[in-house]
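# Coordinate analysis (summary)
Residues per chain, in single letters:
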Amino acid sequence: MKSILKKPLGHTIWFKVFLTVLVFLPAYTQIAYDPANTTDVITEVMAQPLIASIAWILPIAKALLLVAVFIPLISDKFAQRFLLGYYTLILLITGLMQNMSFTADYGFTWLIGNTFVQFVVLGFCLMDVLKNKTIISKQNFVKGRLWIVAPMLLAFLMPYSINSANIVYPSFTLSVLFNESGVTYCMITPVIIGVLLLFSKGVHKPTLSIISYVGFIFGLLNIMTWFVMQTENWWMGVLHLPLVILSFYGLLVAHKEKSLV
């Protein structure tokens, strides 16, 4: 019993069950909706979130994400504080503005569950930064995990376009340099997890576990949406594979290495 009580919150099963329940909190909408149409509500919000309407912030956010990735590769000084500090700030922004939208069918809509869960992750990252729990050092770089760069790159670029029928399709044009991946939780998170995995020996494992678990939940929900319910937008499902793969791997690494830190 004593060992259970001492177990870090980020590694406890009951807390992860609690986070899972939070994800499924009903959305707030101005116009009432049938719970059976929940997927449609979420899709409408994700299609036109408030954050995406601020066009000038998109390339800046993408550039900041790139900086957060490269700082650990070139300098040990404050690398972890910049990486997790950046993630904390972007979660504050996207946790609200990516989960809110003025939709055509439901009026103003807020995906409350998404916000609450992402704010829990924000809290873990903030505490990690304040207490300097995670230490990122170039000497801890794991060369055997370089395969991680491929899914990270796919998430960072988020190469897609939408045709006249509102169908998502692959598009590898210069627009990938200025699209909304830098303000999209499901694209930012696999990039952050990827960096943490590349330097995992010094990463605080409860932090990695919570980031990865929440990412895995959202990844699975999106896979179900795009590969099962809206198969015409299968490419959007492909774009969420980095979140699923790296989040799952992050959970495995956090569990395997938790006794090493």
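The rules we used
Residues numbered from 1 in each chain as written. Predicted model: local features only at pLDDT ≥ 70, side-chain atom pairs only at ≥ 80, totals over all residues. Heavy atoms only, no water. Core = buried A, V, L, I, M, F, W, Y, C linked by side-chain atoms within 4.5 Å. Buried < 20%, exposed > 50% of the residue type's maximum accessible area, 1.4 Å probe, protein only. Helix = DSSP H or I, 4+ residues; strand = E, 2+ residues; numbered from the N terminus. Contact = heavy atoms within 4.5 Å. Arc of directions from axis to C-beta. Salt bridge = Lys/Arg side-chain N within 4 Å of Asp/Glu carboxyl O.

This next bit is on the nonpolar core. Here is a general trend for soluble globular proteins: nonpolar side chains tend to be buried in one another's company. With 62 residues, the main nonpolar core has Tyr 87 and Leu 196 as its most contacted residues. Top element by residues in this core is helix α8 (residues 185-198). It accounts for 11 residues. With sequence-adjacent residues up to four places away left out, Tyr 87 is seen in contact with Val 121, Cys 125, Tyr 185, Ile 188, Thr 189, Ile 192 and Ile 211. Counting residues in each nonpolar core, the second largest holds 6 residues, with Tyr 33, Val 41, Val 45 and Leu 111 among its members.

Among all positions in helix α7 (residues 149-157), only Pro 151, Met 152, Ala 155 and Phe 156 are buried. All buried residues of α7 fall inside an arc of 135° around its axis, so they share one side. Packing partners of the buried residues in α7 comprise α4 (57-74), α8 and α11 (241-257). A positive backbone phi angle near 50° is found at Met 158, which sits one or two residues after α7.

Attention now moves to the pattern of salt bridges. On inspection of all chains with the given rule, the structure shows 2 salt bridges. Residue Lys 205 is joined to Glu 257 by a salt bridge in which the shortest nitrogen-to-oxygen separation is 3.8 Å. Residue Lys 205 is found in helix α9 (residues 205-229), and its partner Glu 257 is found in helix α11; the two are separated by 52 residues along the sequence. Both residues of the pair, Lys 205 and Glu 257, count as buried. Salt bridges linked by common partners bring Arg 145, Lys 205 and Glu 257 together as one network.

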